[in-house]
Amino acid sequence: MAMFVGGIGTIADRVEAADPLPSQDLISLPKILPPNSQLTDPRIGAPIRSTEGIEISPSAVQLPDWALSALQQLDDRYNCIEDNTDLVGKASPVENRALTRSKFAERLNICLNLANESMPSSLTEPATKADLETIQKLQTEFATELTTLRKKVAAIEAKTETLKQQQFSATTKLSAQVWVNFTGAFPSNSITAERSLAQGGTNAFIPPARVNGVPTRVQLRDTNPTVSNYLFLNLNSSFTGKDLLVTQLVAGNASSPANQLVSSGFFNTWGTPITDQTGTPQAGSNAVYLRELSYSFPISDRLKISVGPRLNTYRYFDQNRFTNFLTGAGSFNSSGSTLFAAIDRGSGAVVSWNINPQFRFNAGYLAENTEFLSSANGFNTSSNPNAGLFGSTNQVIGELAYSPSKDLNIKLLYSRSLIRPYNGFIGGAVGEPLPYGYADDGFGGRLNDAPADTFVANFDWLFTPQVGVFGRYSYGRTGIIPVNSARAGGNTTVQSIQLGLGFPDLGKKGALGTISYLIPHSYLGGREFLLSGGGDGGKQQELEFSYYYPASDNIAIVPAFYAIFNPNNFQSNSPVYVGNVRMQFSF
């Protein structure tokens, strides 16, 4: 049987006859590098660059006219030059006399591969002895260039095989973020806080008591600068290319200095960067916990469902380009609505619907299962059969997003929640939209589950490439239902207002400067039910400056400064100033 080898091989020693070859003797070409293919790094999906030392060097030697004509004849017969203007444009092989020998060899190799594919289907015009002789002559003339090409392909294949052997998983991408924080809180005077007098008033988790109807208070001032760490380990898996299994682990060891000054129920709120926390129930331990576990899959091109025992609320709701804690305003209060998320992580499902390029709608049901809350203290209710998936605390959320252009996003959110009282009081980490502190029946008495409603309007607008504006308005109502039926009960109503400026690419491409002004909780009614958080009638206000500076693709430096006025809603309190510098490593 007459045979030739594509690209790097040779013609067989013997050709039976000059007559057309019968169909059973059609030529088979082993492929070197399929046309238009590109090998990729299986760990990251990026193209593999050519290995140093084996790149094909362009030759200034003029191509012989017969070679150009021969390749054109093969193309005419087998249509083996694809219409690709960069590599194998049909006008280039013959007409471009400046074509280098190395580039010609690449086109020759591709032509031979494509000719091999087309020959078996071209039964009316089978390969002839003349074809084989032409191919043999071309292979001989360009043997050096084809050999170099073979070495190049072999090196890439070897690198690909190495990457496959060393990759973490064929279906899972491993990444991480690590933060190192340097933080100090500086009160300009003693700070009044509503706390229990037990343990000397040092515990911000114990609700105060009422004495003659007034919550107990303490004076706080002592804080010390801290150095801390916080980290995420992310495992993102896909089994079909369209689905996504998210597994995120967390560890940390911080208690931010401002927490020494807050009223009960305000731990990790004002003056605290999100990355300056422990993030688990074991304070300061660096113990590793599961932060997120969810699975997303498409129902159609526009509809996706996410389910799991621990979905991250902020992955789906209340996002803003200037308040993402990774790059923008990064304190607990400024990074999202203070009235919205009674559940940070929860069990349930979220449906995401891309209605059209301008409108998107997300809706979800979540039952509380937050990683930093302790099951031993009655939290993580969705996995506790005494409460379960549909017991308190739970939350139903819907958000409509409108983006008339890539520079403007407007979002309207509604949430209905049922909040579980802990130690008989509503509030603390699952208190939104109270939002923080604690509420009782107005006389120190216990409460039943509290129904609550929250409305949030959220926008960001990049009105020039270097300047943007953002803001939120939130309104919340929490029902107060006393255990003692003799108590009347009622509602607490509260609003939150945020406005800010963003400065993309400030000083460097990828950098972001932000200024945020925030009133985190301005009470409109029901202040008499506040056991902690009411203060003396003052209105807390916060001013935050932050600057995200990407020193490299993997390292960022983020200085931030916070000024807290009327902290803990005491107008008699002097301002508290907080400084934070974080190193952010992504890999």
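Residues numbered from 1 in each chain as written. Predicted model: local features only at pLDDT ≥ 70, side-chain atom pairs only at ≥ 80, totals over all residues. Heavy atoms only, no water.

Section: the pattern of salt bridges
Counted according to the given criterion, the structure contains 13 salt bridges. One salt bridge in this structure joins Arg101 and Glu145, with 3.0 Å as the shortest N-O distance. Placement of the pair is Arg101 in helix α3 (residues 101–118) and Glu145 in helix α5 (residues 143–166), with a sequence separation of 44 residues. An identical accessibility class is assigned to Arg101 and Glu145; each is buried. For Glu106, the salt bridge goes to Lys103, with nearest N and O atoms at 3.9 Å. (Salt bridge = Lys/Arg side-chain N within 4 Å of Asp/Glu carboxyl O. Helix = DSSP H or I, 4+ residues; strand = E, 2+ residues; numbered from the N terminus. Buried < 20%, exposed > 50% of the residue type's maximum accessible area, 1.4 Å probe, protein only.)

Remarks on the pairing of strand β1 (residues 172–187)
Relative to strand β6 (residues 226–237), β1 runs antiparallel, the two being bridged by twelve bridges. Pairing of Trp179 across the sheet is with Tyr230, part of β6. With eleven bridges connecting them, β1 and strand β23 (residues 576–586) associate as antiparallel partners. For Phe182, the partnering residue across the bridge sits in β23 and is Val581. (Pairing = 2+ DSSP bridges.)

Examining unusual backbone geometry
Each neighbour pair has its own omega, and for Glu432 with Pro433 the value is 15°, a cis peptide bond. Mapped onto the elements, Pro433 comes out in the loop between β14 (426–427) and β15 (438–439). Cis geometry is found at the peptide bond from Leu434 to Pro435, where omega equals 0°. Assignment of secondary structure puts Pro435 in the loop between β14 and β15. In this model, Asn212 sits at a positive phi of 55°, which is unusual for a non-glycine residue. In this structure Asn212 comes out as exposed when scored by relative accessible area, which is 79%.

Some points on helix α1 (residues 65–78)
Taking 1.5 Å per residue as the helical rise, α1 with its 14 residues ought to reach 20 Å, and the 20 Å between its terminal C-alpha atoms agrees with that figure. Those residues of α1 that sit buried are Ala67, Leu68, Ala70, Leu71, Leu74, Asp75 and Tyr78. For α1, the angular spread of the buried residues around the axis is 160°, confining them to a single face. In α1, those exposed residues whose orientation departs by more than 90 degrees from the buried face are Gln73 and Asp76. Phi turns positive, to about 50°, at Asn79, one or two residues after α1. (Expected span 1.5 Å × (residues − 1). Arc of directions from axis to C-beta.)

Thoughts on a nonpolar patch on the surface
Side chains of Trp353, Phe359, Phe361, Leu400, Tyr402 and Ile410 sit close together on the surface and give an oily, nonpolar patch of about 480 Å² of accessible area. Looking at the nonpolar patch, the elements with two or more residues in it are β11 (359–368) and β12 (394–405). Tracing the backbone shows Phe361 in strand β11. (Patch = residues over 30% accessible without salt bridge, like charges linked within 9 Å, V, L, I, M, F, W, Y side chains within 5 Å. Areas by Shrake-Rupley, 256 points an atom, 1.4 Å probe, with all protein chains shown as cover.)

Looking at the side chain of Asn409
In this structure, Asn409 sits in strand β13 (residues 408–419). The class for Asn409 is buried, based on a relative accessible area of 14%. Among the polar contacts made by the side chain of Asn409, one reaches the side chain of Ser403 at a distance of 2.6 Å. A distance of 2.9 Å separates a polar atom in the side chain of Asn409 from a polar atom in the side chain of Asp460. When sequence neighbours within four positions are dropped, the list of residues in contact with Asn409 reads Arg321, Arg360, Tyr402, Ser403, Asn458, Phe459 and Asp460. (Polar contact = N/O pair within 3.5 Å; in protein donor to acceptor, adjacent residues only side chain to side chain. Contact = heavy atoms within 4.5 Å.)

Structural notes on the sheet that holds β14
One open sheet holds the three strands; their spatial order is β14-β15-β20, and the pairing between them is antiparallel. Edge positions in the sheet fall to β14 and β20 (530–532), since each of these pairs with one other strand and no more. Inspection of the sheet shows β14 paired to β15 by two bridges, in the antiparallel sense. Directly across from Gly427, in β15, lies its bridge partner Tyr438.

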